[in-house]
Amino acid sequence: MSAHGQWREVKAVRSDRFTSGGQQVVLVFKAGPALRVNAADVLAVDRRGRTV
């Protein structure tokens, strides 16, 4: 996944709720901090194992 201009390998994905009650998706990367996105957002996934 490209996050903040860098390709990162996702280690885990889980669902959670914002404090306001809305759904979010938490992407946990092998390196660096997790990324929380709104569950309604569209994400593009590259499953080819891209190396930068």
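Residues numbered from 1 in each chain as written. Predicted model: local features only at pLDDT ≥ 70, side-chain atom pairs only at ≥ 80, totals over all residues. Heavy atoms only, no water.

K.L.:
Explain the overall build of the chain to me, please; I cannot follow it from the model alone.
P.N.:
In terms of regular secondary structure, the chain is built from zero helices and five strands. Listing the helices and strands of the chain from first to last along the sequence gives β-β-β-β-β. Across the 52 residues of the chain, 21% fall into the buried class. Taking as baseline every contact in the chain between residues at least 6 positions apart, the subset at least 24 positions apart corresponds to 18%. (Helix = DSSP H or I, 4+ residues; strand = E, 2+ residues; numbered from the N terminus. Buried < 20%, exposed > 50% of the residue type's maximum accessible area, 1.4 Å probe, protein only. Contact = heavy atoms within 4.5 Å.)

K.L.:
Please explain the sheet that holds strand β5 (residues 35-38) as it appears in this structure.
P.N.:
Within a beta sheet, neighbouring strands are joined by backbone hydrogen bonds and run either parallel or antiparallel to one another. The three strands lie next to each other as β3-β4-β5, forming an open sheet whose pairing is antiparallel. In this open sheet, the two edge strands, each paired with only one partner strand, are β3 (10-17) and β5. Neighbour-to-neighbour, the strand axes of this sheet turn through a mean angle of 25 degrees, independent of strand direction. For β3 and strand β4 (residues 23-29), the ladder comprises seven bridges, and the chain directions are antiparallel. Within β4, the residue paired with V13 across the bridge is L27. (Pairing = 2+ DSSP bridges. Axes fitted to C-alpha atoms, helices over the stretch in contact; angles between N-to-C directions.)

K.L.:
Hey, could you run me through the side chain of Q24 in this one?
P.N.:
Within the secondary structure, Q24 sits in strand β4. The class for Q24 is buried, based on a relative accessible area of 3%. With residues up to four places along the chain from it excluded, the contact list for Q24 reads R14, S15, D16, R17, F18, R36, V37, N38 and A39.

K.L.:
How should the environment of V25 be read in this particular structure?
P.N.:
Position of V25 relative to the elements: it lies in strand β4. Distance in space between the C-alpha atoms of V25 and S15 is 4.6 Å, their sequence separation being 10 residues. Contacts of V25, omitting those with residues within four sequence positions, involve V13, R14, L35, R36, V37 and A39.

K.L.:
Please explain the pattern of salt bridges as it appears in this structure.
P.N.:
When charged atoms on two side chains of opposite charge get close, those side chains can pair. For the coordinates displayed, the defined rule picks out two salt bridges. With a closest N to O distance of 3.6 Å, E9 and K30 form a salt bridge. Placement of the pair is E9 in the loop between β2 (6-7) and β3 and K30 in the loop between β4 and β5, with a sequence separation of 21 residues. Neither E9 nor K30 differs from the other in exposure class; each is exposed. One salt bridge in this structure joins R36 and D16, with 3.4 Å as the shortest N-O distance. A residue pair is termed long-range when its members are at least 10 positions apart, and R36 in strand β5 and D16 in strand β3 qualify at 20 residues. Classification of R36 as partly exposed rests on a relative accessible area of 46%. (Salt bridge = Lys/Arg side-chain N within 4 Å of Asp/Glu carboxyl O.)

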